Amino acid sequence: MTRLGCWLPLVFAVFAQGVYADAYPADELLDLSVEELLNVKITSVAKKAQALNDAAAAVFVITQEDIKRSGATNIPDALRLAPGMDVAKIDSSKWAVSSRGFNGRFANKLLVLIDGRSTYTRTFSGVYWEMQDVMLEDVDRIEVIRGPGGTLWGANAVNGVINIITKHSTRTQGGLLSGGIGSEEQGFGALRYGAKLDERTSGRVYFKGFKRDQNHFANGRPSADGWEKFQGGFRVDSNVSMQDEVKLQGDIYHTNIDEILSTPQLAAPYATTFNDRAHADGGNIVAKWQHTLSPTSDYSAQVYFDTYHREDGFLAEWRDQLDFDFQHRFGWSDRHDVVWGVGYRYTMDDIDSTQYFQATPESRNDQWYSAFLQDEMMLVEEKLWFTLGSKLEHNDYSGFEYQPSARLLWAPHHQHRLWAAVSRAVRTPSRGEHNGKVFFRTFPPQTIAPGLTSPPVALYTIGNAEFKAEHLLAYEIGYRTTMIDALSLDMTAFYNDYDNFRSVMLGDLITRNGYLEQQLVLSNAFSPKTYGFELAAVWQMLDWWRWDANYSYLATDLDPGSSPLIPVSPQQRISMRGLVSPREDTDLDVWLRYVDSAMTISADNANGERIDSYVTLDLRAAWRPVPGLELSLVGQNLISSKHLEFVQENLTLPTLVDRGMYAKMVWEF
């Protein structure tokens, strides 16, 4: 049966009519067998290159081809491809992203790295997703680890690690020009050029920019949340000798973010909304040197500097961060693979207080020291491995922390892998949790008796210098198989037991000039539990037709009385993608997702905000009329004209995500 002969739907046949089939390279993704997909090399689980199939962790790889064929135009949307990831769009520029629960705009239990550089901000122990970007065409892969990764990656790798890895500059030689236009993606473009600088050195430079349209509120009114950003960068790789490789890369960006802020007031009407145009500038530079001693031994040193300046209507913040890491890997007696390392980080911030957010002191310098050791031991020749390790850290907020883990991997047959792990992870306090004061709501005056009215009551959350690190003890078990040649299955079950989880306690009631200030002090009284399982399957139905599906189930067990203060992520998530290449020059992709209902924290609603379940459908069609040129048409969120995915904890109004469509051109020269 020929490819075209099997493709019956008329609409797709019409699309394919008149194009040329035989002169173009085969699709990279569909060329890989399901077994080869499980043997993709990863580095994030053990800080060494290993096959995904041999990793004793819940890891998923999003490839460059996955990103392209999903139609995603940014990193958060691409992360929706991974099972167990909770990704929700708040408005045009903001996302809530987490793994295995507790999602929010200020989610704080996920460590995100771009080429080894942490994107973590100490301000709230999370990620400003709108400030993190890469040229998507230069991404080699995104490694998504669900579950703790603190033994190797340190604090805040509590519920997962995301490692975004860009291509080596030798793989981006020549030019690439991309651009597009659409209803929500109003205009976007990128230009990259790579070249050899000498016999041992190659490099590339890039520039990109985009402008995104505003969404709408539930009443149909425009939400004034348009977004534009410009970013440029470079990467240079050099093999200075047969054993030494050096990398230098950097980025610089500027972004403007429109938003309508909803803020409390001390006088009538006690709350107001106003249009705000936030802006942020930043940049980073990363240098890495790797020396290879033998196939089983190498060491590397990396240093990076990251800086940003951000001004919103409620906060102005400057932050600089300097980070140094050294690691050494070596084999020992043919049965041990040891990796150890040390790290140092220095951060300096300056926060301009407003009536909504105050920091005391307004400027602070912090240091962080760490060391780790991990040994992968082969207990039975090519059958059974045991990995034991721990990381020790000291930070200026919670002092010494330790994060051990033990992992067991059993390979009874080359098509089967079983693994189990017990891990401890830590989420260290943020600057806001120790030194912040947030004004989030005002209760208007109440009539107590005829002629007697209470003063307004302003609610503040107050940082606490005694706030401790949050702890997690996680139990995981997993199984991978390719027992059927065209089908792979990856299954993981987990149980997470948290301690010292963030809570609030009633603080002082202070009489101010014309109002009462009720303080709510941050503390560590909660101990929630989560458990669930995640399934990921790949079915190569035909050599030109593949299905990717995943399902995740998450149960959240909260302490009595804590539900309005802790967000509850969707219990069930389903993703199903069909990737079809009826001709060598034609791709047709469909992506259907179901997301269960959820509850978020809300400053305006003491009971939290309920997010109803929703279904989305994305379609993509691509055609390569000549070598090096691809034209594509993408429709996103096609089932409904708009839907709600998340409500930010405070400051913004519920914003619906609009249906969108865009056309894109990519030309490689």
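What you see is a predicted model, and the numbers here were worked out from it, not measured in a lab.

(A) Quick peek at empty space enclosed by the protein. Within this structure, the stated rule accounts for 15 cavities of 30 Å³ or more. Considering only enclosed or pocket space, the largest cavity measures out at about 370 Å³ in volume. Lining of the largest cavity is provided by 24 residues; of these, Leu37, Phe60, Val61, Val538 and Asp548 occupy positions nearest its centre. Among the elements of the structure, α4 (34–38), β3 (58–63), β30 (487–499), β33 (529–542) and β34 (545–557) are those that each provide at least two residues to the lining of the largest cavity. At five residues, β3 tops the list of elements feeding residues into the lining of the largest cavity. Tallied by class, the residues present in the lining of the largest cavity amount to 16 nonpolar, three polar and five charged. When its volume is computed, the second largest cavity comes out at roughly 270 Å³. Forming the walls of the second largest cavity are 22 residues, and the residues nearest its centre are Asp77, Lys89, Gln636, Asn637 and Val657.

(B) Looking closely at the sheet that holds strand β32 (residues 516–526). Ordered by their spatial adjacency, five strands build an open sheet running β19-β25-β28-β32-β31, and the pairing between neighbours is mixed. With one partner strand each, in any of the chains shown, β19 (357–359) and β31 (501–511) form the two edges of the open sheet. In this sheet, adjacent strand axes meet at a mean angle of 25 degrees when their direction is disregarded. The sheet contact formed by β31 and β32 spans eight bridges and is antiparallel. Bridge pairing in β32 links leucine 506 to leucine 520.

(C) Region of the structure containing the confidence of the model for the protein chain. Within the protein chain, residue pLDDT values average 92, and 95% of them lie at 70 or more. Below a pLDDT of 50 lies the segment residues 1–27, which in the model reaches 48 contacts outside its immediate sequence neighbourhood of four places, other chains included.

(D) Quick look at the packing of aromatic side chains. All told, the structure shown has 22 aromatic pairs when counted by the stated rule. Seen from their ring centres, phenylalanine 188 and tyrosine 662 are 5.5 Å apart, and the 90 degrees between their planes marks the pair as edge-to-face. One end of the pair, phenylalanine 188, is in strand β11 (residues 185–198); the other, tyrosine 662, is in strand β43 (residues 660–668), and 474 residues separate them in sequence. Taking relative accessible area as the criterion, tyrosine 662 reaches 3% and is therefore assigned buried. For the pair tryptophan 545 and tryptophan 547, a centre-to-centre distance of 6.0 Å together with 35 degrees between the ring planes defines the contact as tilted. When its relative accessible area of 26% is taken as the criterion, tryptophan 547 is described as partly exposed. Here the aromatic residues Phe106, Phe124, Tyr128 and Tyr308 are joined through ring pairs into a cluster of three or more. A cation sits over an aromatic face here: lysine 47 above tryptophan 153, 4.4 Å from the ring centre. The ring of phenylalanine 494 is capped by arginine 100, whose NZ or CZ atom sits 4.2 Å from the centre of that ring.

(E) Summary view of the environment of threonine 273. Assignment of secondary structure puts threonine 273 in strand β15 (residues 271–294). Overall, the relative accessible area of 45% leaves threonine 273 in the partly exposed class. Along the sequence, threonine 273 and leucine 656 sit 383 residues apart, while their C-alpha atoms lie 17 Å from each other. Those residues in contact with threonine 273, other than ones at most four positions away along the chain, are Ile260, Leu261, Ser262 and Leu653.

(F) Highlighting the side chain of threonine 121. Among the structural elements, threonine 121 can be located in the loop between β7 (117–118) and β8 (139–146). A polar contact is formed between the side chain of threonine 121 and the side chain of tyrosine 308, at a distance of 2.6 Å. When neighbours within four sequence positions are excluded, threonine 121 is seen to be in contact with Gly126, Tyr128, Tyr308, Glu317 and Arg319.

(G) Representation of the pattern of salt bridges in the model. What the rule picks out here adds up to 58 salt bridges. Lysine 68 is the salt-bridge partner of glutamate 630, the closest N and O atoms lying 3.6 Å from each other. Of this pair, glutamate 630 sits in strand β40 (residues 629–636) while lysine 68 sits in helix α5 (residues 64–70), and the two are 562 residues apart along the sequence. In this structure, arginine 204 and aspartate 138 form a salt bridge, with 3.4 Å as the shortest nitrogen-oxygen distance. Remark: aspartate 138 occurs in the loop between β7 and β8 and arginine 204 occurs in strand β12 (residues 201–212); sequence separation between them is 66 residues. Neither arginine 204 nor aspartate 138 differs from the other in exposure class; each is buried. Shared partners join several salt bridges into a network, and the residues in it are Glu65, Lys68, Arg69, Asp587, Asp589, Arg620, Arg624 and Glu630.

(H) Layout of the nonpolar core. By size, the foremost hydrophobic cluster in this structure holds 32 residues, and its most contacted members are Leu79, Trp129, Ile142 and Ile162. For this core, the secondary-structure elements that each account for two or more residues are α6 (75–79), β4 (85–89), β5 (95–99), β6 (111–114), β8 and β9 (160–166). Apart from the residues lying within four places of it in its own chain, the contact partners of tryptophan 129 are Ile75, Pro76, Leu79, Trp95, Val97, Val112 and Ile162. Residues Ile351, Phe439, Ile462 and Tyr515 belong to the second largest nonpolar core, which totals 20 residues.

(I) Representation of the environment of asparagine 496 in the model. Within the secondary structure, asparagine 496 sits in strand β30. For asparagine 496, a relative accessible area of 1% corresponds to the buried category. C-alpha of asparagine 496 to C-alpha of alanine 474: the two residues are 22 residues apart in sequence and 4.5 Å apart in space. When sequence neighbours within four positions are dropped, the list of residues in contact with asparagine 496 reads Arg100, Asn159, Leu472, Leu473, Ala474, Pro528, Lys529 and Thr530. Within the local environment of asparagine 496, its side chain forms a polar contact with the side chain of tyrosine 498, the two groups lying 3.3 Å apart.

Calculation notes
- Residues numbered from 1 in each chain as written.
- Predicted model: local features only at pLDDT ≥ 70, side-chain atom pairs only at ≥ 80, totals over all residues.
- Heavy atoms only, no water.
- 1 Å grid on protein atoms, 1.4 Å probe; cavity = no way out; pocket = protein on both sides within 12 Å on 5 of 7 lines; lining within 4 Å.
- Points joined across faces, edges and corners; volume = space filled by probe spheres on them.
- Helix = DSSP H or I, 4+ residues; strand = E, 2+ residues; numbered from the N terminus.
- Nonpolar A, V, L, I, M, F, W, Y, C, P; charged D, E, K, R; others polar.
- Pairing = 2+ DSSP bridges.
- Axes fitted to C-alpha atoms, helices over the stretch in contact; angles between N-to-C directions.
- pLDDT = per-residue confidence, 0-100.
- Contact = heavy atoms within 4.5 Å.
- Phe/Tyr/Trp six-rings, centres within 6.5 Å; stacked < 30°, edge-to-face > 60°.
- Buried < 20%, exposed > 50% of the residue type's maximum accessible area, 1.4 Å probe, protein only.
- Lys NZ or Arg CZ within 6 Å of the ring centre and 35° of its normal.
- Polar contact = N/O pair within 3.5 Å; in protein donor to acceptor, adjacent residues only side chain to side chain.
- Salt bridge = Lys/Arg side-chain N within 4 Å of Asp/Glu carboxyl O.
- Core = buried A, V, L, I, M, F, W, Y, C linked by side-chain atoms within 4.5 Å.

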